[in-house]
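# Residue-level structural notes
Single-letter residue listing:
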Amino acid sequence: MKVLLVFYSKLLEDGELSQKVSEKVNFLKRLIGPDSLYAVITTEMKDFIDKFPDLVFIRNDKGTFIYGLYKGLRKLRGNDVLVLDPSHILKIEKIKEFITKKRKNAIHLNNEGGSGLALFRLIDLDYYIRTIESLLPEEKDLTALLDQVRRDYGIEYETV
């Protein structure tokens, strides 16, 4: 399993982003290992390369969440991928719960309906990538992506 942190331009407004990311990265390094951590960053976030040397970085040229997700999933094709939106505050227990769900696509919805955590199984990854390609002109969220894949290909996911 690989972990993908998706950064996008809107996150630059968050003054506490570096602290939120640091906590998640330290936990994930212990739980999954440093060789499985990837981050998609915008060009304005180059300072993250120095702050988090254990991450493997991928460029998000357009600065949107959906494009960053697309670039990251294409790079990590061939693995189960746990996707994290670094701006969301997630409890460590929730991340552990997702890591144990290796055989199901899953998404976490917070009280406001937003999602900051998703798990994509290897067997279904190409369907998600193909669907994102069709959604690239629009800025969609994870829920919209999973719903589109369910409609188009019948691939189910679990809400946690």
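Residues numbered from 1 in each chain as written. Predicted model: local features only at pLDDT ≥ 70, side-chain atom pairs only at ≥ 80, totals over all residues. Heavy atoms only, no water.

Attention now moves to the nonpolar core. Core analysis: the biggest nonpolar cluster contains 55 residues, and Leu4, Phe7, Leu69, Leu73, Ile95 and Phe120 have the highest contact counts within it. Here the element with the most residues in this core is helix α3 (residues 65-75); it accounts for 6 residues. In this structure, Leu69 is in contact with Leu4, Val6, Val83, Phe120, Ile132, Leu142 and Leu145, ignoring residues within four places of it in sequence. (Core = buried A, V, L, I, M, F, W, Y, C linked by side-chain atoms within 4.5 Å. Buried < 20%, exposed > 50% of the residue type's maximum accessible area, 1.4 Å probe, protein only. Helix = DSSP H or I, 4+ residues; strand = E, 2+ residues; numbered from the N terminus. Contact = heavy atoms within 4.5 Å.)

Relative orientation of the contacting elements helix α1 (residues 17-31) and helix α4 (residues 92-99) amounts to 40 degrees, with a least axis distance of 12 Å. On the basis of the axis angle, α1 is oblique to α4. As α1 packs across α4, the resulting crossing turns out to be right-handed. Where α1 approaches α4, its residues Phe27, Leu28 and Leu31 are matched on the opposing element by Ile92, Ile95, Lys96 and Ile99. Residues of the contact of α1 with α4, tallied by class, amount to 6 nonpolar, no polar and 1 charged. (Axes fitted to C-alpha atoms, helices over the stretch in contact; angles between N-to-C directions. Parallel < 35°, antiparallel > 145°, perpendicular 65-115°, else oblique. Left-handed = near helix turned anticlockwise from the far one by under 90°. Nonpolar A, V, L, I, M, F, W, Y, C, P; charged D, E, K, R; others polar.)

Let us now look at helix α6 (residues 142-153). For α6, spanning 12 residues, the distance from its first C-alpha to its last is 16 Å, which sits close to the expected 16 Å at 1.5 Å a residue. For α6, the complete set of buried residues consists of Leu142, Thr143, Leu145, Leu146, Asp147 and Val149. Where α6 ends, the next residue or the one after it, Gly154, has phi of about 75 degrees, a positive value. (Expected span 1.5 Å × (residues − 1).)

Inspection of every chain in the model, using the stated rule, returns 12 salt bridges. Across the salt bridge formed by Arg77 and Asp126, the nearest N and O atoms sit 2.7 Å from each other. A residue pair is termed long-range when its members are at least 10 positions apart, and Arg77 in the loop between α3 and β4 (81-84) and Asp126 in helix α5 (residues 125-135) qualify at 49 residues. A relative accessible area of 37% places Asp126 in the partly exposed class. Notably, a salt bridge pairs Arg150 with Glu156, separated by 3.8 Å at the nearest N-O pair. Among the residues examined, Arg150 registers a relative accessible area of 31% and is labelled partly exposed. (Salt bridge = Lys/Arg side-chain N within 4 Å of Asp/Glu carboxyl O.)

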